[in-house]
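A look at the structure
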Amino acid sequence: MVFLSFFVSLLLILGAGFGLVTLPLRFSSLAIPRLEYFSYSWLVGSGFVSLSLWIFSFFLSGLFLQLIVAFVCVILATLAWLCRSNFLFLGSSKLEKFLFSFLFLELSFVFFLSSVHLLGWDGLLVWEIKARLAFLNGGVLPPSYISDIFLSSTHPEYPLGIPLLETWSYMWMQEPNQYWVKFLFPFYYVSIVFVLASTSLFSLPLLWRYSSALVFLFVPFYLTNQGGLLSGYVDLPLSSLYFLSLVSLLVYLKDGSFSYFYFYSFTLFFLPWFKREGIILWAVGVLCGILVLWRRKDWNKLWYLLPGLVLFVVWNLYLSSQHVLPSKDFLPMTFSVFFTKFFLLKEIGLSFFSELFSLSHWSIFWVVFFVSVVFSLKKITFPEFVLLFSIFV
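Report on the accompanying structure.

Cut-offs used in this document
- Residues numbered from 1 in each chain as written.
- Predicted model: local features only at pLDDT ≥ 70, side-chain atom pairs only at ≥ 80, totals over all residues.
- Heavy atoms only, no water.
- Axes fitted to C-alpha atoms, helices over the stretch in contact; angles between N-to-C directions.
- Helix = DSSP H or I, 4+ residues; strand = E, 2+ residues; numbered from the N terminus.
- Parallel < 35°, antiparallel > 145°, perpendicular 65-115°, else oblique.
- Left-handed = near helix turned anticlockwise from the far one by under 90°.
- Contact = heavy atoms within 4.5 Å.
- Phe/Tyr/Trp six-rings, centres within 6.5 Å; stacked < 30°, edge-to-face > 60°.
- Lys NZ or Arg CZ within 6 Å of the ring centre and 35° of its normal.
- Patch = residues over 30% accessible without salt bridge, like charges linked within 9 Å, V, L, I, M, F, W, Y side chains within 5 Å.
- Areas by Shrake-Rupley, 256 points an atom, 1.4 Å probe, with all protein chains shown as cover.
- Salt bridge = Lys/Arg side-chain N within 4 Å of Asp/Glu carboxyl O.
- Buried < 20%, exposed > 50% of the residue type's maximum accessible area, 1.4 Å probe, protein only.
- Core = buried A, V, L, I, M, F, W, Y, C linked by side-chain atoms within 4.5 Å.

Looking at the packing of helix α1 (residues 2-22) against helix α3 (residues 62-82)
One way to put it is that α1 packs onto α3 with a least axis distance of 7 Å and a crossing angle of 50 degrees. By the angle between their directions, the pair α1 and α3 is classed as oblique. Regarding α1 and α3, the two cross each other, and that crossing is left-handed. Mapping the contact onto sequence places Leu12, Gly15, Ala16, Phe18, Gly19, Leu20 and Thr22 in α1 and Ala70, Cys73, Val74, Leu76, Ala77, Ala80 and Trp81 in α3.

Things to note about the packing of aromatic side chains
According to the stated counting rule, one finds 38 aromatic pairs in the structure shown. Considering the side-chain rings of Phe258 and Tyr304, the 5.9 Å spacing of their centres and the 70 degrees angle between planes classify their relative orientation as edge-to-face. Of this pair, Phe258 sits in helix α13 (residues 258-269) while Tyr304 sits in the loop between α15 (278-296) and α16 (307-321), placing them 46 residues apart in sequence. Seen from their ring centres, Phe261 and Tyr304 are 5.8 Å apart, and the 85 degrees between their planes marks the pair as edge-to-face. Pair noted here: Phe261 is in helix α13 and Tyr304 is in the loop between α15 and α16, with a separation of 43 residues, a long-range link. Sitting over the face of the ring of Trp127, Lys130 holds its NZ or CZ atom 5.5 Å from the ring centroid.

Some details on a nonpolar patch on the surface
Taken together, Met1, Phe3, Leu4, Phe7 and Leu11 make up a surface patch of nonpolar side chains, about 560 Å² in accessible area. Structurally, the position occupied by Leu11 is in helix α1. Here Leu11 falls in the partly exposed class, since its relative accessible area comes to 45%.

Section: the nonpolar core
Counting 120 residues, the largest nonpolar core has Trp42, Trp168, Tyr189, Phe270, Trp273 and Phe274 as its most contacted members. By residue number, the principal contributor to this core is helix α12 (residues 235-255), which donates 13 residues. Residue contacts for Phe270: discarding those within four places in its chain leaves Val44, Gly47, Phe48, Leu51 and Leu241.

Structure, rendered in structure tokens:
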């Protein structure tokens with residue numbers, strides 16, 4: 001019964017994402033691979049459900065809150081299904097179906113690993129604790145939590161993207177079940193892998209694309225290291241949003257498809273909602289977007305870049321209104337702190353490259369990446385190179 005309830009919560013997330021991805025493009029003739037479609041539906045749906053839960057929590061709680069968010073998800077999915085005939089799907093060849101069987105084995109192994117590992121330290125005491133508090137309070141994070149000095153170590157100033165998504169699952173399971181909620185995180189891994197294997201995002205042979213998706217399994221950082229998908233940290237969801245955002249922008253740069261610019265702006269929007277540092281990735285994504293719009297002379301789409309900043313400002317205004325306590329673990333992100341700590345840049349840089357080339361974290365991932373970039377330099381333009389470098393950053 002618990003599994004079925006959790007499964008329903010997943011279907012509603014995907015349904016909301018399916019609607020939000022499909023409806024604005026219902027008059028488009030875009031042909032999109034099914035794998036890629038799943039990736040966008042999951043990322044957009046998870047961000048939407050989490051944000052909706054927070055917005056409606058100002059007016060509702062408990063069963064009414066759960067039902068109104070579920071109702072919106074069902075409406076979005078139903079409307080998208082009714083107009084699905086205007087939205088094309090790319091077919092799959094026999095070779096692609098054969099290669100997908102190996103991809104299925106990879107993903108099955110990932111879900112198996114999630115089933116036998118516990119959530120990490122931060123996964124429990126920074127993210128899951130917020131989900132549990134919200135669940136015990138009818139799906140509403142208690143306002144007193146923001147300014148509670150005894151809970152300040154749990155970082156109440158962090159955005160609620162993942163905690164409220166976990167709360168959503170708890171509300172359907174009717175219990176804070178940490179075992180099942182772990183399975184939310186592999187879906188972000190699936191989103192990245194599906195895009196790597198996608199037929200429309202990369203002009204590479206089919207075998208190369210699926211090979212890159214399969215090799216992804218052998219990057220230790222994404223699986224067993226701190227911050228990987230088994231730990232319940234927000235790093236993987238954040239990186240999947242950022243990755244799909246810039247890859248979508250790269251496709252828009254190459255063929256001018258509004259559909260992919262829409263995907264870019266939507267995934268970019270949710271970055272500040274998943275982690276405080278997401279605003280930095282949002283800023284990088286916006287700069288890349290401005291470069292692409294300048295290259296294509298398409299300035300009328302500039303306003304699509306702004307909603308993420310609005311979300312960031314609204315969240316910080318809410319924190320100020322609740323008298324949030326300043327974090328004791330990290331220095332504030334201000335220009336004064338940057339200039340006073342400027343002398344540490346050398347040590348930070350050395351530490352960064354030490355982490356970057358650690359075989360225990362990345363295996364030979366970056367070696368393969370740099371070799372691929374070197375061999376592709378003659379084939380890519382400067383804006384494409386900037387986007388690839390931004391994805392690397």
